[in-house]
Amino acid sequence: MSDLIELDGVEKVFEVRRKTGRLRREKREVRAVDGISFRVPRGEMVGYIGPNGAGKSTTIKMLTGILTPSAGRLRVAGLDPSRERTKLAQRIGVVFGQRTTLWWDLPLYDSYKLAHRMYRIPDARFRENLDRCVELLDLASLLDVPVRQLSLGQRMRGDIAAALLHDPDVLYLDEPTIGLDVISKAKVRQFLRDLNAERATTILLTTHDLTDIEQLCKRVMVIDHGRLMYDGALAGLHEAGESERTLVVDLERELPPVQAEGARVVKVEGPRQWLAFPASASAAPLVAHIAQAYPLVDLSVREPDIEAVIARMYDGRPLY
Amino acid sequence: MPHRGNSVAKGRGAGLGSRALVSMAVGGAVVRLYGVVAAGGFRRYTTYRVATAAGVFTNTVFGVIVAYTYIALWDQRPNLGGYDQSQALTYVWISQAMLMTVNLFGGGFADELVERIRTGDIAIDLYRPADLQLWWLSADLGRALFHFLGRGVVPLTFGALFFDLALPTDPLTWLAFLLAVLLGVVVSFALRFLVALSAFWLLDGAGVASLVSIAGLFFSGMLLPLNAFPGLLGEVARALPWSSLLQIPADVLMGRHRGWGLLGAFGFQLGWAAALLGVGRLLQSAAVRRVVVQGG
Ligand SMILES: Nc1ncnc2c1ncn2[C@@H]1O[C@H](COP(=O)(O)OP(=O)(O)OP(=O)(O)O)[C@@H](O)[C@H]1O
Ligand SMILES: [Mg+2]
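Residues numbered from 1 in each chain as written. Chains lettered and ligands numbered in written order. Predicted model: local features only at pLDDT ≥ 70, side-chain atom pairs only at ≥ 80, totals over all residues. Heavy atoms only, no water.

Under an unreviewed UniProt entry, the name given to chain A is ABC transporter ATP-binding protein, and the organism recorded is Streptomyces violascens.

The structure is reproduced here in structure tokens:
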């Protein structure tokens, strides 16, 4: 009932015309989004990830109403985005990391003045929201600077503020941390966390930086070739991706690869050996077996690398 | 201040009187929005001071050169196009003042819009709760005001000081001139908006743009007053929209349109403005449909 975003079997098919000869042209269909269904309740912060060309930006464009779905049903805040685009605009904020909504030649503040009028934000509300964004996103010294002179990180923070002045219920972020340095990324993440916690703003976020997801989103959706491959808790990705943990053992001396049931040696470097075993299995019996059969000096267990899990998933099949 | 977004909400669903208030409030909000856009259009040019100074200098030098050419021409052909020599010189300096104001060299918002269409940034403009055409029109009006003040006033003053011009003393004539300039700017905008939107269908819109730009230079009367065009060419040129850009404002300032004739001149400009803006709207909705379905 309080689902802010609803998709039922949404598809987007692009028709691409390509020149194949001097005069001949070939029509080809690109199924950018190929039957996606999900729901996002109010106040949730969801990661939407997938390899290049997976259909993430296309999905977000449909959610803002600037693209109509070819099939399926789409609702955001109860509105049909492409039919009620102008109405919806009052309820959503959008940040495209690769593009800017700011006025290129003018001081940053002018873009906010524009948002004030465009979204008809009551004066007091506008002041309050702007002050808050300026403080939390560290914009005070940038307000008088023409946007074209801002660094990428500064511009991105400016864009995020511009998307939030009208108190949107939903915020879409398409690669909001692209090209940012570690400190800027941390600032943006902290801001989004606070926004979600204090205002219960629903956030849908695409990124290629999995740290964004790890730090921000309890729920993650993985999309590839326009299909949803995974939708669930971040932790569950490991199981779904059949991920493996790694046991690193230091032996007394160089030995042939360790033989142990349920694990295989993936690397040997002098007396140190790396064994991979299923993330779902317990490490205890494995450790006990090795300690008993080999001259063990030291050991450590490494948790699976989420990037490796997802990389494996990207070239895999649906996982559920 | 009554024109506020929240007063719209409060007034909703009330009686007739407050419905009028509501529409006034909505109107106020619209004016404010596009007012900010126009102010932005003005302000962004104020940052280029050196370019403006250089432009004023160029306009003035250019004006002097054309002025002496016209003096030579009118010596040979007195009363060419119905202008005496001082009217011809007045025309020269008005055209220097109008050159940037009605953007006869092209560029400006049109290049920007084409670039946004090409890169797909146009998508951002579409999800905003604002109308594309009104948005760019406001921005262009802001720009035009800047160019009128920044690039127009100085050359015209220079011309008036150093040449014998036929400028009016009646403030009403000046007022009529300003209105004609405003309408000229709108017609110029409407034309270039059409050309820019063609970028949705043509991969290389630059060819069309430069063609239209050259046509504009010729048919606006920038090179020679349209009055001096012979026979049928003159008739056609005076009926085309470009004559709204320079010829009509110049003739209004020189008092060649009076009474009903003045209204007729305004009507001509208004007619073209409405027709071209209307076609622009149609093209815009086709373009939006295309973006929304085809993704650009
Ligand atoms: N307007 C369009 N016309 C034709 N094909 C398109 C259009 N927009 C996107 N596509 C295609 O649709 C597919 C999905 O593109 P999309 O931009 O949604 O990917 P993405 O997941 O955002 O990728 P990235 O991580 O690279 O940003 C791609 O194959 C792309 O080439
Ligand atoms: Mg993308």
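Asks: What is the right way to look at the overall build of chain B in this model?
Replies: A tally of regular secondary structure across chain B gives 12 helices and 0 strands. Relative to the 2.2 N^0.38 estimate, which gives 19 Å for 296 residues, the radius of gyration of chain B is 21 Å and therefore close to what a compact globule would have. Buried positions account for 51% of the 296 residues belonging to chain B. Expressed as a percentage of contacts within chain B between residues at least 6 apart in sequence, the contacts between residues at least 24 apart total 78%. (Helix = DSSP H or I, 4+ residues; strand = E, 2+ residues; numbered from the N terminus. Rg over C-alpha atoms; globule rule 2.2 N^0.38 Å. Buried < 20%, exposed > 50% of the residue type's maximum accessible area, 1.4 Å probe, protein only. Contact = heavy atoms within 4.5 Å.)

Asks: Even after reading the chapter, I still don't get the packing of helix H5 (residues 152–164) of chain A against helix H6 (residues 182–199) of chain A, so can you show me in this structure?
Replies: Angle between the axes and distance between the axes are the two parameters that describe a pair of packed helices. Residues and elements named next belong to chain A. Two numbers describe how H5 lies on H6: the axes approach to 10 Å, and their chain directions differ by 15 degrees. The orientation of H5 relative to H6 falls into the category roughly parallel. Of the two possible hands of crossing, H5 and H6 adopt the one that is right-handed. Residues Gly153, Arg157, Ile160 and Leu164 of H5 lie in contact with H6, whose contacting residues are Ser184, Lys187, Val188, Phe191 and Leu195. Looking at side-chain class alone, the contact of H5 with H6 contains 5 nonpolar, 2 polar and 2 charged residues. (Axes fitted to C-alpha atoms, helices over the stretch in contact; angles between N-to-C directions. Parallel < 35°, antiparallel > 145°, perpendicular 65-115°, else oblique. Left-handed = near helix turned anticlockwise from the far one by under 90°. Nonpolar A, V, L, I, M, F, W, Y, C, P; charged D, E, K, R; others polar.)

Asks: In this structure, what is going on with the nonpolar core? I would like to understand it.
Replies: Considering soluble globular proteins, one finds that nonpolar side chains tend to be buried as a cluster. Residue and element names in this part refer to chain A. The biggest cluster of nonpolar side chains holds 114 residues, and the ones touching the most others in it are Tyr112 and Tyr172. The element best represented in this core is H5, accounting for 6 residues. Residues contacting Tyr112, with those up to four places away along its chain left out, are Leu102, Phe126, Leu130, Leu139, Leu143, Gly158, Ala161, Ala162 and Leu165. (Core = buried A, V, L, I, M, F, W, Y, C linked by side-chain atoms within 4.5 Å.)

Asks: Just to check I follow, could you spell out the state of the cysteines for this structure?
Replies: As used here, a disulfide is simply a covalent bond connecting the sulfur atoms of two cysteines. All names here are of chain A. On inspection of all chains with the given rule, the structure shows 0 disulfides over all chains. Here Cys217 is not disulfide-linked; the sulfur of Cys133 is the nearest cysteine sulfur, at 19 Å. Residue Cys217 is classed as buried on the basis of its relative accessible area, which comes to 4%. (Disulfide = S-S within 2.5 Å.)

Asks: Help me understand the pairing of strand E3 (residues 45–49) of chain A, please; the structure alone is not making it clear to me.
Replies: Here is the key point about a regular strand: its side chains alternate between the two faces of the sheet. All names here are of chain A. Of all 5 residues in E3, 5 are buried, a share of seventy percent or more. Taking every second residue as pointing to the same face, both faces of E3 are buried, with Met45, Gly47 and Ile49 on one and Val46 and Tyr48 on the other. Across 4 bridges, the pairing between E3 and strand E8 (residues 219–224) is parallel. Bridging across to E8, Tyr48 finds its partner in Met221. (Pairing = 2+ DSSP bridges.)

Asks: Sorry if this is basic, but what is going on with the sheet that holds strand E5 (residues 92–96) of chain A here?
Replies: Backbone-to-backbone hydrogen bonds pair the strands of a sheet. The strands run either parallel or antiparallel. Residue and element names in this part refer to chain A. As summarised here, the arrangement of the 6 strands in space is E5-E6-E7-E3-E8-E9, forming an open sheet in which the pairing is mixed. Looking at which strands have only one partner, the edges of the open sheet turn out to be E5 and strand E9 (227–233). The average angle at which neighbouring strand axes cross in this sheet is 15 degrees, direction not considered. Two strands pair when backbone bridges link them, and E3 and strand E7 (residues 202–206) are joined in this way by 4 bridges, in the parallel orientation. Bridge pairing in E7 places Met45 opposite Ile203. Sitting on the sheet, helix H1 (residues 56–64) is in contact with E3, E5, strand E6 (170–174), E7 and E8, with an inclination near 150 degrees to E6. Against the sheet, H5 makes contact with E5 and E6, and its axis sits at roughly 165 degrees relative to E5, the strand it touches most.

Asks: Where do I start with unusual backbone geometry in this structure?
Replies: Residues apart from glycine generally show negative phi values, whereas peptide bonds are mostly found in trans. Residues and elements named next belong to chain A. The phi torsion at Asp138 lies on the positive side, around 65 degrees, for a residue other than glycine. Tracing the sequence through the fold places Asp138 in the loop between helix H4 (123–136) and H5. One non-glycine residue with positive phi stands out, namely His225, at about 45 degrees. For His225, the location among the structural elements is in the loop between E8 and E9.

Asks: What am I meant to see in the sheet that holds strand E2 (residues 25–41) of chain A here?
Replies: Residues and elements named next belong to chain A. Taking strand neighbours across the sheet as the criterion, the 3 strands line up as E2-E1-E4 in an open arrangement whose pairing is antiparallel. Each edge of the open sheet is held by one strand with a lone partner, namely E2 and strand E4 (71–76). The mean angle between the axes of side-by-side strands here comes to 30 degrees, regardless of whether they run parallel or antiparallel. Relative to E4, strand E1 (residues 3–19) is paired through 5 bridges, and the arrangement is antiparallel. Counterpart to Asp8 in the pairing with E4 is Arg73. Across the sheet, H1 touches E1, E2 and E4, and the angle it forms with E1 is around 120 degrees.

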